[in-house]
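Summary of structural features
One letter stands for each residue in the lines below.
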Amino acid sequence: MDRRNFVKASVAAIAATQLGALDAVARKKQKDKAPKEEVRLSGTDWSCEHAEALPGDLKVRFLGTGAAGWKSPTSGHRRNSSILIDGKILIDFTLSAQDMVPEGCHPEIIFYTHSHVDHFQPIEALKVGVKKVYLSHSIMTMAAKAFGKAAAETGLPFPELIPLRYGQSVIEEGIRFTAMPANHSTGDLQEEAQIYLIEKNFNDEGIAGVRVVFATDTAGIMGRAGRMAGIDSHVKTGIGVTGLIMEATMNNDEDFRIFNHSSTKTVGRTASMLLATGRLHLPEGQPVYLTHMAKSLQPSQEEMDATLPYPLRAAYDGLEVVFKSV
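Please read all numbers here as calculations on a predicted model, not as lab measurements.

Topic: the nonpolar core
- One finds Ile85, Phe111 and Phe177 to be the most contacted residues of the largest nonpolar core, which totals 28 residues.
- Setting aside residues up to four positions removed in sequence, Ile85 forms contacts with Leu58, Lys59, Val60, Ile91, Ile175, Phe177 and Ile198.
- Val241, Leu244, Ala271 and Met304 belong to the second largest nonpolar core, which has 26 residues in total.

With respect to helix H3 (residues 140-154)
- If you check H3, its first and last C-alpha atoms are 21 Å apart, about what 15 residues at 1.5 Å a residue would give, namely 21 Å.
- Every buried residue of H3 is listed here: Ala143, Phe147, Ala150 and Ala151. Down the axis of H3, the smallest arc covering the buried residues is 100°, so these residues share one side. Along H3, exposed side chains directed more than 90 degrees from the buried face belong to Thr141, Lys145, Lys149, Ala152 and Glu153.

Quick notes on the pairing of strand S5 (residues 132-136)
- In terms of residue burial, S5 counts as a mostly covered element, since four of its five residues are buried.
- Relative to S5, strand S4 (residues 109-111) is paired through three bridges, and the arrangement is parallel. When the bridges of S5 are listed, Phe111 appears paired with Tyr134.
- Following the chain from S4 across helix H2 (residues 122-128) to the adjacent parallel S5, one finds a crossover that is right-handed.
- Looking at chain direction, S5 and strand S6 (residues 160-164) are connected through five bridges and run parallel. If you follow Val133 over to S6, its bridge partner there is Leu161.
- As for the winding sense of the linkage, the β-α-β connection from S5 through H3 to S6 is right-handed.

Calculation criteria
- Residues numbered from 1 in each chain as written.
- Predicted model: local features only at pLDDT ≥ 70, side-chain atom pairs only at ≥ 80, totals over all residues.
- Heavy atoms only, no water.
- Core = buried A, V, L, I, M, F, W, Y, C linked by side-chain atoms within 4.5 Å.
- Buried < 20%, exposed > 50% of the residue type's maximum accessible area, 1.4 Å probe, protein only.
- Contact = heavy atoms within 4.5 Å.
- Helix = DSSP H or I, 4+ residues; strand = E, 2+ residues; numbered from the N terminus.
- Expected span 1.5 Å × (residues − 1).
- Arc of directions from axis to C-beta.
- Pairing = 2+ DSSP bridges.
- Right-handed = clockwise from strand over helix to strand, strands pointing away.

Okay, here's the thing in structure tokens:
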């Protein structure tokens, strides 16, 4: 072998050795980055469900956990998305959820997220006992007409209508509700859909022991909402939130509804980030709850229970959850 060929062969051998070493390093890095095995807990591990509530705790009953489109009676039927808080306050309410209201319970206060019919039915709110209505300032005129018609049809009193703007807080029954922006549109392009920060059990410094974000309908959590809830990237220290109820209309992101709704994967990424950055403080035995699930876009309750990664949990109609004060 002449000198020129010898040099070429030596260079090639050295390069191959270096590439092999680099490849080994790359494989090790890739292995280190590989996701660890998902941790799943069975339903019996969720000790916050059907539990005893202490005075400082927040009790939530899921009256409905379905998106629009469910037709009763069907297998695994879900009613329209709605919750009852401490047996006194509603967020959204429709005819489909009436049978989930406990006997003898007549909530007099309701907070609305937006005007879509699977959330907003004034006549049903009056029938269940509502006398005070909180909703976006952007739909006050429409709501006044709708409740006026409902009052005339039922013979029930016209309720007090109270407009809310983003960032505005009110306290009812010792619980503070803060209206936050939702990433969701309706037929009225001027309507400002809302999600809520729900807080209870305040200490001497005004910090709540329970801080739950209720987020439906919305495509993810907007930056302004994150700032208001104290969970966005600009908050370096703080108490964060202690609970999250979030819509999961579909099971994946390859769907045009992603402009207005969240998927199971969206909620999973949100919860994972908040936990990793210390902005979500879940009491032991409490998951992140999914609601507003579409029949055609989500697996069955049984499949979700078996496959959802920690800390996600699919709520179901009639489920009662105690959000513990921390």
